[in-house]
Number of protein chains: 2
Amino acid sequence: MKTNANGLTNRQSLILRTVVEAYIDNGEPVGSKYLCECGRFSCSSATIRNEMAELEACGYLEQPHTSSGRVPTEAGYRFYVDSLLETYNSTASDVERIKNALKEKRAELDQILTQASRLASSLTNYTGLAVRPGQRAGAFCRYEAICLSPRSLLLVMINPDGTAKTRNLRTDFDIDKTDADALARTLNSCIIGLSASDITLPLMMRMEEMCAPSSQLASMAVKCIYETATERNDGDVRIEGVNRLLEYPEYSDTESIAGLLGLGDSKNALLDLVRDSGEGELDDGDDVKILIGSENRLDALGSSALVFKTVKRGGKVVGAVGVIGPRRMKYQNVISMVDSLASGINELIGDDMLLPTSDTERNDGNE
Amino acid sequence: MKTNANGLTNRQSLILRTVVEAYIDNGEPVGSKYLCECGRFSCSSATIRNEMAELEACGYLEQPHTSSGRVPTEAGYRFYVDSLLETYNSTASDVERIKNALKEKRAELDQILTQASRLASSLTNYTGLAVRPGQRAGAFCRYEAICLSPRSLLLVMINPDGTAKTRNLRTDFDIDKTDADALARTLNSCIIGLSASDITLPLMMRMEEMCAPSSQLASMAVKCIYETATERNDGDVRIEGVNRLLEYPEYSDTESIAGLLGLGDSKNALLDLVRDSGEGELDDGDDVKILIGSENRLDALGSSALVFKTVKRGGKVVGAVGVIGPRRMKYQNVISMVDSLASGINELIGDDMLLPTSDTERNDGNE
DNA sequence: TTTAGCACTCTTGCATACCAAGTGCTAATC
DNA sequence: GATTAGCACTTGGTATGCAAGAGTGCTAAA
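Residues numbered from 1 in each chain as written. Chains lettered and ligands numbered in written order. Predicted model: local features only at pLDDT ≥ 70, side-chain atom pairs only at ≥ 80, totals over all residues. Heavy atoms only, no water.

### Structural notes on the overall build of chain A
The cut-off we apply is this: The secondary structure listing takes helices from DSSP runs of H or I that are at least 4 residues long and strands from runs of E that are at least 2 residues long, numbered from the N terminus. Any residue under 20% of the maximum accessible area for its type is buried, any over 50% is exposed, and the rest in between are partly exposed; the area is computed with a 1.4 Å probe on protein chains only. Should any heavy atoms of two residues lie within 4.5 Å, those residues are considered in contact. Each accessible area value is a Shrake-Rupley result obtained with a 1.4 Å probe; residue values ignore everything except the protein chains displayed when judging cover.
Tallying secondary structure elements over chain A gives 14 helices and ten strands in all. Across the 367 residues in chain A, those meeting the buried criterion constitute 50%. At a minimum sequence separation of 6, the contacts of chain A that also span at least 24 residues come to 63%. In the structure as shown, chain A presents an accessible area of about 16,700 Å², 47% of it carried by carbon and sulfur atoms.

### What about the sheet that holds strand β5 (residues 152–158) of chain A?
Residue and element names in this part refer to chain A. Definition in use: Strands are labelled as partners when DSSP assigns at least two bridges between them. Interaxial angle, 0 to 180 degrees, is taken between N-to-C directions of lines fitted to C-alpha atoms, where a helix line uses only the stretch in contact.
Read across the sheet, three strands follow the order β4-β5-β6 without closing on themselves; strand pairing throughout is antiparallel. Each having just a single partner strand, β4 (142–149) and β6 (164–170) make up the two edges of the open sheet. Between one strand axis and the next, the sheet turns through 20° on average, direction left out of account. Sheet topology note: the β4/β5 ladder contains seven bridges and is antiparallel. Within the sheet, the bridge partner assigned to A145 lies in β5 and is L155.

### Section: the nonpolar core
In plain terms, the rule: The term nonpolar core refers to a set of buried residues drawn from Ala, Val, Leu, Ile, Met, Phe, Trp, Tyr and Cys, joined through side-chain atoms within 4.5 Å.
In this structure, Y331 and L341 of chain A together with Y331 and L341 of chain B are the most contacted members of the largest nonpolar core, which totals 150 residues. Ignoring sequence-local partners within four residues, the contact set of L341 of chain A consists of I98, L102, A116, L119, A120 and V321 of chain A. In terms of nonpolar packing, the next biggest core, distinct from the first, is built from 27 residues, F140, A145, L187 and L203 of chain B among them.

### A few points about the protein's contact with DNA strand D
Applied cut-off: Here a residue counts as near a molecule or strand whenever at least one of its heavy atoms sits within 4 Å of it. As used in this structure description, the phrase polar contact means that two N or O atoms lie within 3.5 Å; if the pair is within protein, one of them must be able to donate a hydrogen and the other to accept it, and residues adjacent in sequence are counted only when both atoms belong to side chains. Under the scheme applied, nonpolar residues are Ala, Val, Leu, Ile, Met, Phe, Trp, Tyr, Cys and Pro; charged residues are Asp, Glu, Lys and Arg; polar residues are all the others, including Gly.
The full set close to DNA strand D counts 20 residues, and S44, T47 and S67 of chain A together with S32 and R70 of chain B are the nearest of them. Atoms of DNA strand D within 4 Å of the protein: sugar and phosphate make up 70%, bases the balance. Here a phosphate oxygen of DNA strand D and a side-chain polar atom of T47 of chain A are 2.5 Å apart. R49 of chain A places a polar side-chain atom, nitrogen or oxygen, 3.1 Å from a base oxygen of DNA strand D. For the surface near DNA strand D, the secondary structure elements donating two or more residues are α3 (45–58) of chain A together with α3 (45–58) of chain B. If you tally residues by element for the surface near DNA strand D, the top one is α3 of chain A, at four residues. Grouping the constituent residues of the surface near DNA strand D by class yields three nonpolar, 13 polar and four charged.

### Concerning the packing of aromatic side chains
In this description, an aromatic ring pair is defined by two values, namely the gap between the centres and the angle between the planes. Condition: Between the rings of Phe, Tyr and Trp (Trp by its six-membered ring), a pair exists once the centres lie within 6.5 Å; its type follows the angle of the planes, with under 30 degrees stacked, over 60 edge-to-face, and the other angles tilted. Either the NZ atom of lysine or the CZ atom of arginine qualifies as a charge over a ring when it sits within 6 Å of the ring centre and within 35 degrees of the ring normal.
Applying the stated criterion to the full structure yields eight aromatic pairs over all chains. Taking the centre distance of 5.4 Å and the plane angle of 55° together, the rings of Y60 of chain B and F79 of chain B count as tilted. With Y60 of chain B in the loop between α3 and β1 (61–62) and F79 of chain B in helix α4 (residues 74–85), the pair connects residues that are 19 residues apart, well separated along the chain. Its end group placed over the ring of Y23 of chain A, R328 of chain A keeps NZ or CZ at 5.9 Å from the ring centre.

### Description of the protein's contact with DNA strand C
In the neighbourhood of DNA strand C, 19 residues make up the surrounding shell, with S32 and R70 of chain A together with S44, T47 and S67 of chain B lying closest. The separation between a phosphate oxygen of DNA strand C and a polar side-chain atom of R11 of chain B is 3.2 Å. Separating a base oxygen of DNA strand C from a side-chain N or O atom of S67 of chain B is a distance of 2.8 Å. Sorting the residues of the surface near DNA strand C by element identifies α3 of chain A together with α3 of chain B as the ones contributing at least two each. For the surface near DNA strand C, the element with the most residues is α3 of chain B, which contributes four residues.

### Brief notes about the domain arrangement of chain A
Inclusion rule: Each domain's limits were defined by an automated method or a database of domain assignments.
What the domain assignment lists for chain A is domain 1 (10–74), domain 2 (92–135 + 234–352) and domain 3 (142–231). Put simply, the middle of domain 2 of chain A and the middle of domain 3 of chain A, counted by C-alpha atoms, are 36 Å apart.

### Quick word on the pairing of strand β5 (residues 152–158) of chain B
Residues and elements named next belong to chain B. Of all seven residues in β5, seven are buried; the element is thus mostly enclosed. Because side chains alternate across β5, one face comprises the buried residues S152, L154, V156 and I158, and the other comprises L153, L155 and M157, equally buried. Connecting strand β4 (residues 142–149) to the antiparallel partner β5 that follows it, the hairpin turn spans two residues. Here β5 pairs with strand β6 (residues 164–170) via seven bridges, running antiparallel. Considered in β6, the bridge of L154 is made with N168. Between β5 and β6, which pair antiparallel one after the other, the connecting turn spans five residues, and G162 there sits at a positive phi close to 95°.

Written as structure tokens, this is what we have:
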């Protein structure tokens, strides 16, 4: 028996593939009879039974109970997916189509990710996932202050990527445009690039001095900036279309659903997951990542598969989009869809929203 | 038999209340024997059976099947809730506690609502709901333009309530602070208070002229403003903690869950629901609203109850928070919690985030 | 008007039997 | 040596029958 590089004969590989695909399609354990009659093999069911017993010994297949058909194990899916990865390619037309769908709602990254998550879900009929890792506190690169009324002021905090956050400051005393401008100048000259712990009392005092006569404004603004920066630090996870999974029998019990719904609460674990798998690979992380069953550390996803790809801006990972579904997922479609989606987002945010200032220094090594 | 205003004898009312409360607690049909032994009645089970038959005839109770205990009908819950509403009162300490919980994440209304939804869910162990109706397109009251780099510009669009949206404009040509200032001046003088259909070609031309030499900027900005304004128009619905409902047997089938999860998609229906019930009541809408089962028009909520209260800012409805749960909901707790929560939000956004301009004229009649 | 008692209905749980699907194994065949 | 046909075996799912339990409605008596 001549075996291939992976230790299986050609026929065994073909049987495994066929089992995986049949199970993906029908969701029911596939037996030797079915395989024998599907036309791909020119041997009897007995032979196939022998081969399947072999595949089970290798850990690629298993039976839910004695005397039912076989079902792929995690390793079985992994084998299937790995052999698939070499051949998939997302067509340019897909990318174009997805990009157009995204473009209608072109806006901030937050909204793009939400859209992407929805899109991923509706295109695949599984659950869509979008992740934005937290940003470092105090990462704003510029501030502006706009005087709205004698006693309120809009603070604009601009991120290096060109997006911005705004917050409303209300004062007990009257202020005017001069005060606002002074505040902006002070902030821009004093606390750019500083984290909260870098802000010392002497610095605060100097800033208040620069903002005089409305010196109180400076401390209010700094507090506000600190709050905003740390609050952003959480990162963000969008999960859309969990209800689509209810169609699949593997999610017919409430527990699995509860797990998925609770996923939003375990933000950090998901963020870690994306981050880790992005860095740990040998390649530079530009591929679609696939985690099947217990390959991820999240209990809630123990019986699911996760297909995702990171989104980059200027060479830095700024998020990820993907799909959560049953382990018997239509990997072929999903992989190319996720790839296209990530590419579409990359084009969108890369082309249209990146500030030239950081664009020119694409590979700054400040990590 | 002397009946009360509602057509029931005192004993019947008491039986109904007891049935509702017992069913809320246990989730199982309650029979005459249970009632007889609970200590509230000094008559035999046979008498209670007669009374319950009467209550069933009135439409307040029903039996899942012959020979099981009784279960409240929608009308039964309604009776219970209405008799409850006269007596509930949210304690000041509740409001304080909730306000503190919200304050940690004080930010924009969007975030407050998300937080409120989570809070509602965790405090009641049901599903939390927060709704923000859409804002009129073109409702921005002021614009600012900040030049970020020679070829990109941050457009700040300020709402009447003091919140702001920002968008990044990327140009093909170089711009500087002068251009940005000119753009802001132009926008502020030309399109404040205009809807998209009010913007005519002559107006556009005049604006481009005012922005010269970078006249192209004006049309880019207007398009961007239009997109942003209409996109906000959607309103927003946050549903948090659906997984908590999985604990309750009435949501053990996947269909009911699917309905709830799909609720996010039928945004508009929910928004209408909140709007309509806010206006249609006799009182001025300051009460907690309760919709039980088919009292709302959403199929997905047909077997659920919805308890919510609108959130106002300057006399105008800007959102609503509430709770979705099984019809046998702990109304007493939920009602006072929702009331406290809405009050807490009202205080937060009323006190801290309203622009003085509209704050001073709190009761301006522009609705 | 209330109560005691009884017959009736319906659900639930349990044990049994049975069928269909699919396997593993052995012996015969290419 | 690889393949095949045939048969015994295992298992889940479904239908059936039976007994227990819970609760009601009704009637007759207090």
